[in-house]
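# Inside the fold
This is what each chain is made of:
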Amino acid sequence: MSNAKILVVEDEKDLNDAYKIILTSAGYDVTTALNGQEALEGIDKDGDPDLILLDLRMPVVDGIRFLEMYNSPNHLNTSIILFSNYEAQAEVDKAFRLGVERYILKSLASPSELLRIVESTLADRS
Amino acid sequence: MSMNKPTVQNSLSSLQARHDETLVELELYKLLVDNVQDYAIFFMDTGGYIRTWNKGAQKNKGYTAKEIVGKHFSKFYPQSDIDNRKPDRELELARRNGRVEDEGWRLRKDGSSFWANVVITSLYDTDGTLIGYAKVTRDLTQRKAQEDELRKTNMLLKKQQHDLRLLNASKDEFISLASHQLRTPATGVKQYVGMLIEGFTGELQPGQQGLLEKAYESNERQLRIISDLLKVAQVDAGKIKPLKTMTNIHELIASIINEQHDSFSKRHQTISYIKPTNTIEARVDCNLIRMVIENIINNASKYSHENKAVAVRLSETGDAVCIEVKDQGVGIMPTDIPRLFEKFSRIDNDLSSHVGGSGLGLYWAKKIVDLHNGTIEMSSVPDAGTTFSIILPK
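Calculation criteria
- Residues numbered from 1 in each chain as written.
- Chains lettered and ligands numbered in written order.
- Predicted model: local features only at pLDDT ≥ 70, side-chain atom pairs only at ≥ 80, totals over all residues.
- Pairing = 2+ DSSP bridges.
- Helix = DSSP H or I, 4+ residues; strand = E, 2+ residues; numbered from the N terminus.
- Axes fitted to C-alpha atoms, helices over the stretch in contact; angles between N-to-C directions.
- Contact = placed C-beta atoms within 7 Å.
- Nonpolar A, V, L, I, M, F, W, Y, C, P; charged D, E, K, R; others polar.
- Core = buried A, V, L, I, M, F, W, Y, C linked by C-beta atoms within 7 Å.
- Buried ≥ 20, exposed ≤ 12 C-beta atoms within 10 Å, placed from the backbone.
- Domains from an automatic or database assignment.

Sheet strands pair via backbone hydrogen bonds, and the direction of the pair is either parallel or antiparallel. Residues and elements named next belong to chain B. The strand order across the open sheet formed by five strands is S6-S8-S9-S11-S10, and the pairing between neighbours is mixed. In this open sheet, the two edge strands, each paired with only one partner strand, are strand S6 (270-274) and strand S10 (375-381). For this sheet, the mean angle separating the axes of adjacent strands, direction not counted, is 15°. Bridging between S6 and strand S8 (residues 309-316) involves five bridges; their strand directions are parallel. Bridging from a neighbouring strand, Thr270 pairs with Ala309 of S8.

Here we take up the interface of chain B and chain A. The interface of chain B with chain A comprises 15 residues on the first partner and 15 residues on the second. Secondary structure elements with two or more residues in the side of chain B that touches chain A: helix H6 (141-197) and helix H7 (208-236) of chain B. No other element matches the eleven residues that H6 of chain B contributes to the side of chain B that touches chain A. Residue composition of the side of chain B that touches chain A, by class: six nonpolar, six polar and three charged.

In this section: the nonpolar core. With 40 residues, the main nonpolar core has Val292, Ile293, Ile296, Ile297, Val325, Ala365 and Ile390 of chain B as its most contacted residues. Listed by contribution, the elements that provide at least two residues to this core are H7, helix H8 (249-266), strand S7 (281-284), helix H9 (286-302), S8, strand S9 (320-326), helix H11 (361-371) and strand S11 (385-393) of chain B. Here this core spans two domains, since at least three of its residues come from each of domain 2 (146-236) and domain 3 (245-393) of chain B. Counting residues in each nonpolar core, the second largest holds 34 residues, with Ala4, Val9, Phe66 and Tyr70 of chain A among its members.

Looking now at the environment of Thr201 of chain B. All names here are of chain B. Assignment of secondary structure puts Thr201 in the loop between H6 and H7. Accessibility expressed as a C-beta count within 10 Å gives 11 for Thr201, which makes it exposed. Not counting residues up to four positions away in its chain, the partners in contact with Thr201 are Met195 and Leu196.

All quantities given are derived from atomic positions and should not be read as evidence of function.
Structure, rendered in structure tokens:
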């Protein structure tokens with residue numbers, strides 16, 4: 001499913017760029033947002049992606065607020081991976097209750113591992 | 001007969017003798033009271049006017065008998081007490097209850113204050129009529145000063161303790177924030193260098209791959225140190241609350257060893273596991289204990305040269321399980337053992353510069369085992385090997 005649509009929501013510009021390069025190189029259709037607000041606006045405009053790579057701590061609208069506003073039960077065809085460097089258990093638990101499927105500590109995933117995680121999440125979905 | 005008959009003369013003599021005895025007794029009492037030096041003892045009439053004065057009173061309050069007899073006892077009270085009618089209230093209480101005891105500031109003749117313990121006792125004649133009050137005063141200024149000093153020191157200590165706790169919390173918070181902040185750029189390096197190594201931009205020239213792999217590994221080490229710092233900050237801040245569930249320890253170890261096989265092979269080492277014949281379970285937080293066992297096994301491998309073996313053995317006693325990790329590594333000098341579980345302890349040996357640990361792993365592992373009311377024991381022979389035993393109550 002390498003033509004799948006992926007939305008990267010990450011406030012760190014360097015990481016946002018890196019994820020875009022990695023995912024694009026694997027053939028995914030990648031759009032990016034620098035916070036939850038931008039992500040919601042992008043979804044309003046372009047429709048639901050197949051997968052959202054979501055950071056937790058972001059300015060304007062953070063990951064948890066984004067999940068509350070996005071209301072994932074209304075978007076069953078979209079998988080969400082929480083991709084954070086904060087091991088904040090309470091927030092991670094909340095994110096799972098709000099529809100996140102997987103949680104990955106950003107610093108543990110190399111580019112090829114990131115691709116493996118994305119690929120297996122999309123495969124589970126279909 | 002006349003010998004047995006009481007005569008007026010006899011009666012008078014007997015009365016006289018009793019009277020003399022009473023006088024002697026009274027004289028003795030007077031001597032006693034007059035000469036007591038450490039207590040001010042005096043008699044006041046029903047109105048609170050002083051009628052007698054002893055040496056202790058003179059020493060204590062500075063007045064001679066001549067100066068004070070006939071004066072009202074409120075003279076000894078500070079103006080604020082007089083304004084509040086404290087002297088009158090004390091007499092009233094003594095009259096009603098038989099006695100009143102009080103501690104407070106009183107004044108000497110020279111105007112100086114002293115901390116007094118005062119007992120006022122009401123005195124009645126044989127008909128039950130109030131005839132006055134006995135007042136006994138002790139100067140407790142020194143004791144009061146010592147108590148105040150002690151209280152002050154106590155308060156200071158409490159404040160310092162509070163400040164230290166705040167400081168410690170802000171230190172933990174700082175380490176946590178700083179570590180999270182450091183993680184982000186290091187994660188960026190991991191992605192970009194990772195892309196180069198993993199061929200996202202095409203094949204690298206000879207030599208470039210090796211250099212980038214070194215940069216990548218160096219960055220990985222930084223990320224591991226950041227993770228260790230975060231873990232230690234959390235455990236130091238008391239934020240780790242083990243979620244204990246009945247866990248099959250054999251399965252836990254088997255799964256860890258299964259994951260470790262590849263890294264052992266890469267280092268040309270072997271790992272063996274002596275399984276128990278029966279099921280061994282303990283109430284532990286399986287995620288935390290997994291990390292502790294991984295840490296000990298990793299150390300066993302990292303501090304052993306190639307072609308060496310690590311043996312893991314699980315056993316149990318009546319109320320505890322024991323996970324033993326035995327290596328054939330460089331060992332630990334006896335002088336280094338006390339520092340082993342300290343924060344940032346780096347023990348120098350053949351492999352320490354190559355391993356490049358954070359010096360936090362064993363400190364954290366011990367804290368986690370402590371949270372399970374367990375212990376970590378170790379024995380070591382330099383150049384022969386080390387055995388770590390994690391003992392956890394069931």
